[in-house]
Structure formats: C-alpha cells, structure tokens
Amino acid sequence: MTTIDASLFEDLQARGLIAQTTGGDVMADYLAAGSRTLYSGFDPTADSLHIGHLVPLLALKRFQRAGHKPIALVGGATGLVGDPSFKAAERKLNTPDIVAGWTDKLKAQVSRFIDFDCGANSAEVVNNLDWMGQMDVLTFLRDVGKHFSVNNMINKESVKQRIDREGAGISFTEFTYMLLQSYDFAELYQRYNCTLQIGGSDQWGNITGGIDLARRMYGGETYGLTLPLVTKADGTKFGKTESGTIWLDPAKTSPYAFYQFWLGAADADVYKFLRYFTFLPLEQIAAIEASDRETQGRPQAQSVLAREVTALIHGDEGLAAAERITEALFSGSLESLGESDLEQLKLDGLPSSELVRGELASRPLTQWLVDAGMAGSGKQVKDALARAAVAINGVAVDADDNTNAEACFVSERALFGRFYVVKLGKKKYHLFEIK
RNA sequence: GCAGGGGUUCCCGAGUGGCCAAAGGGAUCAGACUGUAAAUCUGACGCGAAAGCUUCGGUGGUUCGAAUCCACCCCCCUGCACCA
C-alpha cells in the first residue's frame, strides 16, 4: 500500500508553489486523506519542453513522491488548436504531421521525470488525441458545448484582453480551446478517477472549466491547483537568454549551457528558484541562504542550484560534463588542458566547429565567428574586438586583425596543432578545430 | 459587401515629401565596476571588415527626392449590413 505524505501541501505552500486552489481550505485535507490521481497537460508547441514547463513537471513528481498518482497529458489534440490563455495574438496552426511528431517527442521527455513502476501510484502518460481524435462535431457540440455558457467564457480573464483590446481578436478555434481542455479533465475523471488538475496560474480558467464540466457530465467532484508563473526580480522573461529558450532536450540546449543558465541566476531570484526547481528540503535551502548572507563575495546558492537542476534533467553524466567544461574555461587555464581534455570538451557539448586552414583567408574573422554562432552579426563581434573582448587561446585579438583571419589562427598558437578556444566577451566560448 | 481605424527595424511605439537606417522605451550584446551577480555608467543594436547595400504590409506610379503623396491589392480591428 502506498503511504501518503501528509505534509505535501504544507511543503508546496512553503515553497511558494501554490498560486490558487479550488474549494477553499479543503485541499490540504483532501490530499492528506488518501492517494489521489492528478494530471497536468503539456501541449506540443515545439519539439521539446523548456524550463518553463519545469515547475508543473516537477510538481507531478512531488505529488508522486508523496504517494499520489500522476498523469502527464500530452496535448496531441489541444496542440492542434492552440491555447489562447493570456496570449496577445492568435497563433499560427501547425500541421497535424508536425504536431504528431512533437507529441511523440514530448511523451518521451515527460516520461523521464515520473516513475512508471512504483505500484499503485505509477505514472501514466496519455495523449488527448486518443479520445478527441475520433469525436465528431455534433457529438462535441451536443455533449460538451451545451454545458458551456459563452457569457461566462468571454468574461474569463484569460481571453479578455483578446476580446476587449483593439487590434486583437480571437478565432472560434482558439476560443474553443477551453472546451477541449475541460473535456480532457472530464475524460480523465471518467477513465482514471482523476480528481485533480494542476497547471500554471494561466491555466486557472481552463481548469475550473474542466471542474464544472466533470460535474455536469458525470456528477464528479474534482479539484484544481495552480502553480505560480516563474518571474524574475528584474522583470525580464524567465527562461530566455541571448541564445534563445533553454530547452530540456540536450540536443537543443547542451547540459553545459543549461548548467550555465542556472549559474547565472540573480541573487534576488536564486533562493526562490531553489525552492521551485529542486527537491532540497526547505531547511537546507534556508541554511544556504543564511550562510550566503554572512559571507562576503560570491554566494554558493547559484552553484547548488545549477548542480541540482542539471542533475535532475541531464543526469549525473550531464552534470559532470557541464562541470568539466565550466572548470576548464572559468577556473583552470587553457594550458593545463591535455589533448584528450579538449576532445572531451567537444563531446561534452562545448560549442565547436571545424575550420579548414586554406579557407581562413577568404573571410574576415567576424564572419567566421558569426558563422560559428558566437554572435548575431559581425557588428557585435566588431564591437567586442574594439574592446579587446575577443581572445584566441588566451591571446586578445585586435580590431586590425579582423581582415586577416589566417593570422589570428596561426599554427604556432594552436593547442596541439589544431585547437583554438575562442572567447568572446566574458562567457561565450567556442572551440575551433583546424582540419 | 459598406463605413471607419490600422499594418514602421526583436517588442512597444514616434515619424505624415528631403536634416530618416528612421525619435523614445524595453529586450539583447560588449566594456568599466564585480562574484561568470544586481545596481550604475559607457558603447553597440538592418546587413557589410570597408566601400557600400537593403528596409517602414505588397505591387506599381508621381517627384530631382517617398516610411511619408496617388492607384490597385493583401492582412488585422471596430461598427453596420447580408444571413437567420
């Protein structure tokens, strides 16, 4: 028999992970009284999840650890429609082929986080296309649509800006999204006795819609819980960097880049992130915070956070790789690296590319670095060159050297005759190998 | 369909014949200061090493000269009509 950790709710609350719950104060008792089945949905809007999905994903795991049964729903059907909640504009529809491909990828990704073999509260992964795909319009309109009042729907905060705002607008397709998600909840209630839906706070409207529908269709009593949207103290968007979204797929965001992202968390955010994104006990997080406060200089919280989250997503090997690169680039000196170390850095995910010596003279250095993805445009590189912020194997490159890429990559300066570590700015590194 | 409003560089948003690669803000990048923080200050921010080239929904036109004027077209919003 599964044992229930009755302190789950209290822990979630203390971590700041509860934005809203339905049913007033009953949630804590409801969760403590028995093993519940809950779900959270992930729509395939890209070929990978990103760190914005981490809070609900980890929440499923928290619930499972506490003895509840999590269902991860991948929205093969809802992804075809598009959730309008708090989106400023209508989105383009993706083709069914693409969405189906993404659905498969997300299913695989989601599956790595939850346990499918732990007895009664083993996880499930479902795809709502399985029950939505073959439903015909008339059945949908009669059985589902009839339970919704348009009057209520247009008053939902999540679509209000689209309806009120001049220059915006919402198609019937997106407007219907709420019905689809609501039907999911009702269906899961029916199939799995799933009585709780969790999701980001932007999902409140969709979740309460599902609760109403489950009651109207099946007389079921279900609950909802929303998690906070992750915000940063400086007001910029969480999860984006100059190089774009931080993905969970190591092929899209290397464990090294992933690790670096967390390492760069602001002091004002880092303790919150520890509570949100790790399973470390709250007392331990409090201890870290207290100790950082007493210490001058660099806090330890960021590195704890980076280690914990990277290990969680990319495993111990991913973490080890990320730490190896970080150590080599930021702490050690390049000379201390052996030939195999450099090979390893490449394998570990340090961005790298190959150059052919004979072709070097054909283009200026700026172009080579842009091609390698180190900067968005030659202008940026040029700016860095003017400030002596570009270094090749530790030697700063001058703006005058720009047109002479061959001289920048002279063989005498190469490590082991073929490697060049190029640094642009303080944090961007790229490994070039001469072929 | 009719009437009105609108489409500007990543986003918001000025600009209504030359002084516009296009104000201002945000985001982003680089430097100083630092802790691979924050705040602050400085610089960059269409593309190009440069000469120069290409932009303001699209296509044509007027003009010495157009983001700005004209014509047609496309798209969005609001209202009305049509429909019922």
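Fair warning: this is a prediction, and the values are worked out from it, not measured in the lab.

Chemist: With reference to specific residues and values, describe the overall build of chain A.
Modeler: Across its full length, chain A holds 19 helices and 13 strands. Structurally, chain A occupies a C-alpha span of about 80 × 50 × 40 Å along its principal axes. The burial tally for chain A puts 48% of its 435 residues in the buried class. Partitioning the intrachain contacts of chain A with sequence separation of at least 6 by distance along the chain shows that 74% fall at a separation of at least 24. As displayed, chain A has an accessible area near 20,500 Å², and 49% of this comes from carbon and sulfur atoms. Taken together, the 44 basic and 55 acidic charged side chains of chain A have centroids lying 4 Å from each other.

Chemist: Any chance you could break down helix α4 (residues 96-111) for me, citing the residues and the numbers?
Modeler: Every α-helical turn comprises 3.6 residues, leaving residues that sit three or four positions apart pointing alike. In a regular helix each residue adds 1.5 Å, so 16 residues correspond to 22 Å; α4 covers 22 Å between its end C-alpha atoms and thus fits that length. Listed as buried for α4 are V99, T103, L106, Q109 and V110. Considered in projection along α4, the buried side chains sweep an arc of 130° and stay on one side of the axis. Structural note: α4 exposes D97 and D104 on the side pointing more than 90 degrees away from its buried face.

Chemist: Requested: an account of the nonpolar core, with residues and values cited.
Modeler: Membership of the largest hydrophobic core comes to 60 residues, with the highest contact counts inside it found for L54, W262 and F277. Residue contributions to this core peak at eight residues, all from helix α15 (residues 301-331). Each of domain 1 (8-227) and domain 2 (240-332) accounts for three or more of the residues forming this core. Listed in part, the 26 residues of the second largest apolar core include F140, V144, F148 and M153.

Chemist: Explain the UniProt feature "short sequence motif: 'HIGH' region" (unreviewed entry) in chain A residue by residue, including any values.
Modeler: UniProt's feature table lists "short sequence motif: 'HIGH' region" (unreviewed entry) at residues 44-53, given in the numbering used throughout. A distance of 11 Å separates the end C-alpha atoms of residues 44-53, which is 0% helix and 0% strand.

Chemist: Which residues make up the UniProt feature "binding site: L-tyrosine" (unreviewed entry) in chain A, and what values go with them?
Modeler: Mapped onto the present numbering, the UniProt feature "binding site: L-tyrosine" (unreviewed entry) falls at Y39, Y177 and Q181. Each residue touching Y39, except ones within four places of it in the same chain, is listed here: L60, I71, L73, Q181, D184, F185, L188, C194, L196, Q197 and I198. Residue classification places Q181 among the buried positions, given a relative accessible area of 8%. Leave out the neighbours within four places in its chain, and Q181 touches Y39, T78, Q197, Q203, N206 and I207.

Chemist: Talk me through the domain arrangement of chain A; I want residue IDs and the actual numbers.
Modeler: Domain annotation of chain A identifies domain 1 (8-227), domain 2 (240-332) and domain 3 (351-434). A separation of 29 Å is found between the C-alpha centroids of domain 2 and domain 3.

Chemist: Quick rundown of the sheet that holds strand β12 (residues 419-424)? Include the residues and the values.
Modeler: Sheet strands pair via backbone hydrogen bonds, and the direction of the pair is either parallel or antiparallel. Read across the open sheet, the five strands follow the order β9-β13-β12-β10-β11; overall the sheet is mixed. A single partner strand is all that each edge strand has here, and the edge strands are β9 (352-355) and β11 (395-396).

Chemist: Explain the sheet that holds strand β4 (residues 124-127) residue by residue, including any values.
Modeler: The sheet built from six strands is open, its strands ordered β1-β6-β5-β2-β3-β4 with mixed pairing. This sheet does not close on itself; its edge strands, each paired only once, are β1 (20-21) and β4. Contacts between helix α3 (residues 54-65) and the sheet are confined to β2 (37-42), β3 (69-74), β5 (194-200) and β6 (223-227), with β2 contributing the most and set at about 165° to the helix. Contacts from helix α10 (residues 177-192) reach β2, β3, β4, β5 and β6, with the element oriented near 145° to β5.

Chemist: For the side chain of D83, give the residues involved together with the corresponding values.
Modeler: Relative to the helices and strands, D83 resides in the loop between β3 and α4. Relative accessible area serves as the criterion here: at 6%, D83 is assigned to the buried category. Side-chain polar atoms of D83 contact the side chain of S85, separated by 2.8 Å. A distance of 2.9 Å separates the side chain of D83 from the side chain of Q203, its partner in a polar contact. Leave out the neighbours within four places in its chain, and D83 touches R91, Y177, Q203 and N206.

Chemist: Mind laying out the packing of helix α13 (residues 267-277) against helix α14 (residues 282-294), listing which residues take part and the relevant values?
Modeler: Where α13 meets α14, the closest approach of the two axes is 10 Å, and the angle between their N-to-C directions is 165°. As far as their axial angle goes, α14 and α13 are roughly antiparallel. Crossing angle aside, the handedness with which α13 passes α14 is right-handed. Where α13 approaches α14, its residues Y271, L274 and R275 are matched on the opposing element by L282, I285, I288, E289 and D292. Looking at side-chain class alone, the contact of α13 with α14 contains five nonpolar, no polar and three charged residues.

Chemist: Describe the packing of aromatic side chains, and please don't skip the residues or the numbers.
Modeler: The tally for this structure, following the rule as stated, stands at 15 aromatic pairs. Summarising the aromatic geometry, the rings of Y30 and Y223 are spaced 4.2 Å apart at their centres and angled 35° between planes, so their arrangement reads as tilted. Of the two residues, Y30 is situated in helix α2 (residues 26-32) and Y223 in strand β6; the sequence distance between them amounts to 193 residues. Residue classification places Y30 among the buried residues on the basis of a relative accessible area of 14%.

What counts and what doesn't
- Residues numbered from 1 in each chain as written.
- Chains lettered and ligands numbered in written order.
- Predicted model: local features only at pLDDT ≥ 70, side-chain atom pairs only at ≥ 80, totals over all residues.
- Heavy atoms only, no water.
- Helix = DSSP H or I, 4+ residues; strand = E, 2+ residues; numbered from the N terminus.
- Buried < 20%, exposed > 50% of the residue type's maximum accessible area, 1.4 Å probe, protein only.
- Contact = heavy atoms within 4.5 Å.
- Areas by Shrake-Rupley, 256 points an atom, 1.4 Å probe, with all protein chains shown as cover.
- Lys, Arg positive; Asp, Glu negative; His and termini not counted.
- Charge placed at Lys NZ, Arg CZ, Asp CG, Glu CD.
- Expected span 1.5 Å × (residues − 1).
- Arc of directions from axis to C-beta.
- Core = buried A, V, L, I, M, F, W, Y, C linked by side-chain atoms within 4.5 Å.
- Domains from an automatic or database assignment.
- UniProt positions renumbered as here; feature names shortened; annotations may be inferred.
- Pairing = 2+ DSSP bridges.
- Axes fitted to C-alpha atoms, helices over the stretch in contact; angles between N-to-C directions.
- Polar contact = N/O pair within 3.5 Å; in protein donor to acceptor, adjacent residues only side chain to side chain.
- Parallel < 35°, antiparallel > 145°, perpendicular 65-115°, else oblique.
- Left-handed = near helix turned anticlockwise from the far one by under 90°.
- Nonpolar A, V, L, I, M, F, W, Y, C, P; charged D, E, K, R; others polar.
- Phe/Tyr/Trp six-rings, centres within 6.5 Å; stacked < 30°, edge-to-face > 60°.

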